[in-house]
Amino acid sequence: MNHEKKHYYKVTRSVCVELHRAILSGTFVLEIVLLLAWEFANFAASIYDLSWLKQASIVTTFDAAVSNLSALARLLLPIVTVLFSWSGETDRRSRYLASAIQRVGLPAYCAAKVLAVALSAMLVVFLAETILVFALMFSGMPLRPWYPMDNCQYYLIARKSVISFIIVREVISSLTAALSAVFALTLGAFLHNALASMIGPLIAYYAWDVAAFILKIPSNGLLLDCIFFSQPFPDPVFSAVWSTTFMITLTVLLGKLYAWKVGKDEYT
Amino acid sequence: MKVLSCCKINLMQWHINPKYAMVVAYLAFYMWTLTHGFVQFSRDMGYPVRPWLFPVFPSSVNLFVPVYLSYPVLISDAPFRNSHQQFVLLRLGKRNWILGQLLYLLVLSLVFTILMWLLTWMFLLPRLEWGLDWGKIIITSAYEHLADPYGVMTIMCESIENVKPLAATAWVFFMMVSVNFLLGEITLLCNLWSKKGLGAVLTVLLILMPFIIWVLAASPYAITKLSWLSPVSWLDRTMLLHSNQNKPSFLYAAIMTSVLNLLLATVSVGTIHKCNLDTEE
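Residues numbered from 1 in each chain as written. Chains lettered and ligands numbered in written order. Predicted model: local features only at pLDDT ≥ 70, side-chain atom pairs only at ≥ 80, totals over all residues. Heavy atoms only, no water.

With respect to the overall build of chain B
Right, so step 1: Within chain B one finds 11 helices and zero strands.
Right, so step 2: In chain B, the succession of α and β elements from N to C terminus is α-α-α-α-α-α-α-α-α-α-α.
Right, so step 3: Radius of gyration (C-alpha) of chain B: 20 Å, near the 19 Å computed for a compact globule of 281 residues.
Right, so step 4: Taking the principal axes of its C-alpha atoms as reference, chain B extends roughly 60 × 40 × 30 Å.
Right, so step 5: Across the 281 residues that make up chain B, the buried fraction comes to 54%. (Helix = DSSP H or I, 4+ residues; strand = E, 2+ residues; numbered from the N terminus. Rg over C-alpha atoms; globule rule 2.2 N^0.38 Å. Buried < 20%, exposed > 50% of the residue type's maximum accessible area, 1.4 Å probe, protein only.)

Focus on the overall build of chain A
Right, so step 1: When its secondary structure is counted, chain A shows 13 helices and zero strands.
Right, so step 2: If you list the helices and strands of chain A from N to C, you get α-α-α-α-α-α-α-α-α-α-α-α-α.
Right, so step 3: Counting only C-alpha atoms and orienting by the principal axes, one finds that chain A spans roughly 60 × 45 × 40 Å.
Right, so step 4: Looking at chain A as a whole, 53% of its 268 residues are labelled buried.
Right, so step 5: Nonlocal contacts in chain A, meaning residues at least 24 apart in sequence, comprise 77% of its contacts between residues at least 6 apart.
Right, so step 6: Summing over all exposed atoms, chain A offers an accessible surface of approximately 12600 Å²; the carbon and sulfur share of this is 70%.
Right, so step 7: For chain A, the distance from the average position of its 20 positive side-chain charges to the average position of its 16 negative side-chain charges is 9 Å. (Contact = heavy atoms within 4.5 Å. Areas by Shrake-Rupley, 256 points an atom, 1.4 Å probe, with all protein chains shown as cover. Lys, Arg positive; Asp, Glu negative; His and termini not counted. Charge placed at Lys NZ, Arg CZ, Asp CG, Glu CD.)

Quick word on helix H7 (residues 96-104) of chain A
Residues and elements named next belong to chain A.
Right, so step 1: The complete set of buried residues in H7 reads Leu97, Ala98, Ala100, Ile101 and Val104. Projection of H7 onto a plane perpendicular to its axis shows the buried side chains occupying an angular sector of 165°, all on one side. Across H7 from its buried face, at more than 90 degrees, point the exposed residues Gln102 and Arg103.
Right, so step 2: Of the residues flanking the end of H7, it is Gly105, one or two places downstream, whose phi is positive at about 95°. (Arc of directions from axis to C-beta.)

Some points on the confidence of the model for chain A
Right, so step 1: Counting all residues, the mean pLDDT for chain A is 85, and 96% of those residues have values of 70 or more.
Right, so step 2: The secondary structure element of chain A with the lowest average pLDDT is helix H3 (residues 50-55) of chain A, at 68, and the one with the highest is helix H10 (residues 162-191) of chain A, at 92. (pLDDT = per-residue confidence, 0-100.)

Notes on the state of the cysteines
Right, so step 1: Taken as a whole and judged by the stated rule, the model has zero disulfides over all chains.
Right, so step 2: Cys16 of chain A takes part in no disulfide bond, and the closest cysteine sulfur to it belongs to Cys110 of chain A, at a distance of 17 Å.
Right, so step 3: The thiol sulfur of Cys7 of chain B is not disulfide-bonded, and the nearest other cysteine sulfur, from Cys6 of chain B, lies at 7.4 Å. (Disulfide = S-S within 2.5 Å.)

Observations regarding the interface of chain A and chain B
Right, so step 1: The interface of chain A with chain B comprises 26 residues on the first partner and 25 residues on the second.
Right, so step 2: When chain A packs against chain B, close to 2200 Å² is buried across both sides, 80% of that on carbon and sulfur atoms.
Right, so step 3: Summed over the three residues of chain A that lose the most area to chain B, namely Leu195, Ile203 and Tyr206 of chain A, the buried surface amounts to 23% of that side.
Right, so step 4: One can count zero salt bridges joining chain A with chain B.
Right, so step 5: Looking at the side of chain A that touches chain B, the elements that each hand over two or more residues are helix H2 (26-44), H10 and helix H11 (194-214) of chain A.
Right, so step 6: Counting residues per element, the side of chain A that touches chain B draws most heavily on H11 of chain A, at 11 residues. (Buried area = accessible area lost by both parts, 1.4 Å probe. Salt bridge = Lys/Arg side-chain N within 4 Å of Asp/Glu carboxyl O.)

Considering the environment of Leu226 of chain B
Right, so step 1: Looking at the secondary structure, you find Leu226 of chain B in the loop between helix H10 (198-218) and helix H11 (250-271).
Right, so step 2: In this view, Leu226 of chain B contacts Met209, Ile212 and Ile213 of chain B; residues no more than four positions away in its chain are not counted.

Notes on the pattern of salt bridges
Right, so step 1: Taken as a whole and judged by the stated rule, the model has six salt bridges over all chains.
Right, so step 2: As a salt-bridge pair, Arg169 of chain A and Asp63 of chain A come within 2.7 Å of each other at their nearest N and O atoms. Placement of the pair is Arg169 of chain A in helix H10 and Asp63 of chain A in helix H4 (residues 58-67), with a sequence separation of 106 residues. We note that Arg169 of chain A, like Asp63 of chain A, is buried.
Right, so step 3: Between Lys261 of chain A and Asp265 of chain A there is a salt bridge, with its nearest N and O atoms 3.2 Å apart. Of this pair, Lys261 of chain A and Asp265 of chain A both sit in helix H13 (residues 236-267), four residues apart, which is roughly one turn of that helix.
Right, so step 4: Looking at Asp265 of chain A, the relative accessible area reads 31%, which means it is partly exposed.
Right, so step 5: The network of salt bridges with common partners includes Arg50, Glu129 and Asp133 of chain B.

A closer look at the packing of aromatic side chains
Right, so step 1: Taken as a whole and assessed by the stated rule, the structure comprises 31 aromatic pairs over all chains.
Right, so step 2: With a centroid separation of 5.2 Å and an interplanar angle of 90°, the aromatic rings of Tyr205 of chain A and Tyr206 of chain A are classed as edge-to-face. Accessibility assignment for this pair places Tyr205 of chain A and Tyr206 of chain A in one class, buried.
Right, so step 3: One aromatic cluster is present, built from ring pairs that chain together Tyr205, Tyr206, Phe228 and Phe229 of chain A together with Tyr26 and Tyr30 of chain B. (Phe/Tyr/Trp six-rings, centres within 6.5 Å; stacked < 30°, edge-to-face > 60°.)

Digging into the packing of helix H9 (residues 165-193) of chain B against H11 of chain B
Residue and element names in this part refer to chain B.
Right, so step 1: Closest axis-to-axis distance for the H9/H11 pair is 9 Å, and the angle between their directions is 30°. As the angle between them shows, H9 and H11 are arranged roughly parallel. Along this stretch, H9 crosses H11, giving a crossing that reads as left-handed. Along its contact with H9, which presents Trp171, Phe174, Met175, Ser178, Val179, Phe181, Leu182, Glu185, Ile186, Leu188, Leu189 and Trp193, the element H11 presents Phe250, Ala253, Ala254, Thr257, Ser258, Leu260, Asn261, Leu264, Ala265, Val267, Ser268 and Thr271.
Right, so step 2: Classifying every residue of the contact of H9 with H11 gives 17 nonpolar, six polar and one charged. (Axes fitted to C-alpha atoms, helices over the stretch in contact; angles between N-to-C directions. Parallel < 35°, antiparallel > 145°, perpendicular 65-115°, else oblique. Left-handed = near helix turned anticlockwise from the far one by under 90°. Nonpolar A, V, L, I, M, F, W, Y, C, P; charged D, E, K, R; others polar.)

Describing the nonpolar core
Right, so step 1: Phe38, Phe57 and Tyr68 of chain B are the most contacted members of the largest nonpolar core, which totals 173 residues.
Right, so step 2: Looking at this core element by element, the count peaks at 16 residues for helix H8 (residues 106-138) of chain A.
Right, so step 3: Beyond its immediate sequence surroundings of up to four residues, Tyr68 of chain B is in contact with Phe112, Met176, Val179, Asn180, Leu183, Ile207, Val232 and Leu235 of chain B. (Core = buried A, V, L, I, M, F, W, Y, C linked by side-chain atoms within 4.5 Å.)

As for a nonpolar patch on the surface
Residues and elements named next belong to chain B.
Right, so step 1: On the surface, a nonpolar cluster with roughly 330 Å² of combined accessible area is contributed by Leu198, Val201, Leu202 and Leu205.
Right, so step 2: Checked against the element boundaries, Leu205 lands in helix H10.
Right, so step 3: Looking at Leu205, the relative accessible area reads 47%, which means it is partly exposed. (Patch = residues over 30% accessible without salt bridge, like charges linked within 9 Å, V, L, I, M, F, W, Y side chains within 5 Å.)

Structure, rendered in C-alpha cells:
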C-alpha cells in the first residue's frame, strides 16, 4: 500500500513538473494564437456574402470554426503537435529523460509525460475554443439559427441547450488534440525527428482513410472524419460517448506504446 | 564538381532522415484521397480520365494549401547544417558549400514538383488515357460538378478555360519549381542571418497567403492586391491576368520569381563569407 502511494505521489509530482514545463512556455501562447487563426480561417472560409453573416449564429459559426472540412479543419492535427513534437527529442538529447527516469522511475516518467502532453493539448484547444465562444457572444450573434437544424454535427443537442452543445464539441476537439499530440510523442520516440513526428498524425489520418476505403468499413463510427469533426451516428449522445471512448482508448494504447519504446531504448 | 558533391551529400540524407519518407507518404495518401474517386466516376460515365489534374490543382486553394504546407518541412532546416557539414565546409570552402546548398534546393524543388505531377495521375491509372485535350471527365467535373459526390477534388471551370492542358501544365510546372526554389532561398537566408525557425514561419505564411486571399475574396473585406505579393498564388492561373480586377499578369509572375530567385541566390553567395557557420545538430 505504502509502495503504491509512493508511486502515485511520484506520478502526480512528475505530471505537475511536465505540465509546468508545457504550459508556462512561449510555445503554449503561440499554440493558442495558431489555433485562433485556424478557427478564424475555417469560419471565414464559410462566409459567402454579407447576407450569410446576417444569418450567422453562435452554433453554426462555432461548428464551422472547429470542423469545416472544406477549409483547414484537418490541420488541427499537426497544429497541436507544435507544442510537443520537440519535447520528447529535447528531453532525450539534453539527458533530461535519463535523469528523470533515474529520479522517479520509468513508469512514473512515461505516465507523467503522456498525461501532461494529453492534458496540455486538451487545455490549449479548450482555451482557444472558449475564447472564440466568448468573442462570438460579445459580437451579439444569436445563439441558434432561425431555420430548423438538421440531425447532424450534434445540432440536436444545441436545440435543447447551446452550452451543452459547445461543451460536447469542445470535449471532442480537445480529445482529438490529445490523441494527435500523444501520437506525435510516440512517433517521436521511434523516429527521433521532430518534423517527421509533427506531420505523423496527418499521415495516420489519411492512411486510415485509405484503409477504410480498401477494407470497405461500413460504419461511420470507425471513420476518423466522422469521429473527429462530425457526428458518426444518428443519436448525438451515443455519438459523443462513442467518439470520446474511441479517442481515449487510442490515446491510452499509444501512451503504452510510448512507454514500451522509451523503456526499450533506455534499458538496451 | 565540388558543388555537385556537396549537393550529393544532402541527397544522401534522404535515406537517413525520416522526414522525407514522411512527406512522400503524406503526399501519396492525400492525393489518393483527392483523386481516387475519379476512377469510379470515369467508370460510371464510360469515359477515360486525362492526366491533367496537375495544372488545375492550385486553383482549388483549400485543397492545394494543405498539400503545399508539407514543402516547408523539407526545407525548414536549410542550409542543412548537421554534424557532418563542418567537414564538408572545411574541404569545400564557404562559397562552394553555399552553391552546393543552392543546387540542392533547386534539385529538391524539381523533385517535389515532379512528385506532385506524378501523384495527380498515378492513382487514376486504371482509367487513365493520354490525350492533348482536357477530356470529358475533367470538363464535366469542372462545369457540372457531377464528380463531387465521388469525393474528388473540386475543379474550377476558370482553370480550364481558354487554355490547352499542355500549356497549363508547363506553366504550373515552371512556376512550382521557381516558387519552391524561392521559398527554399528565403528559408536558407533567414536561417543563416537571423533566428532559426524564422525562415520556416515566413515560408508557411507565404504558402497560407493564397488561402487568406481566397477567404477574404469571398468576404466583404476583399484584398485581392495581396496577390501581387504572394508567389504561391501565381501557380494558380485564375489569379493572373484579370486586368479589370487589378491582378498580376503572367509576365509579371514569371519575371518576378526569376528576378527574386537570382537576387536571393546572389545575396546568399555574396554574403556567405561574412556568416559565422557554427555546426548545428
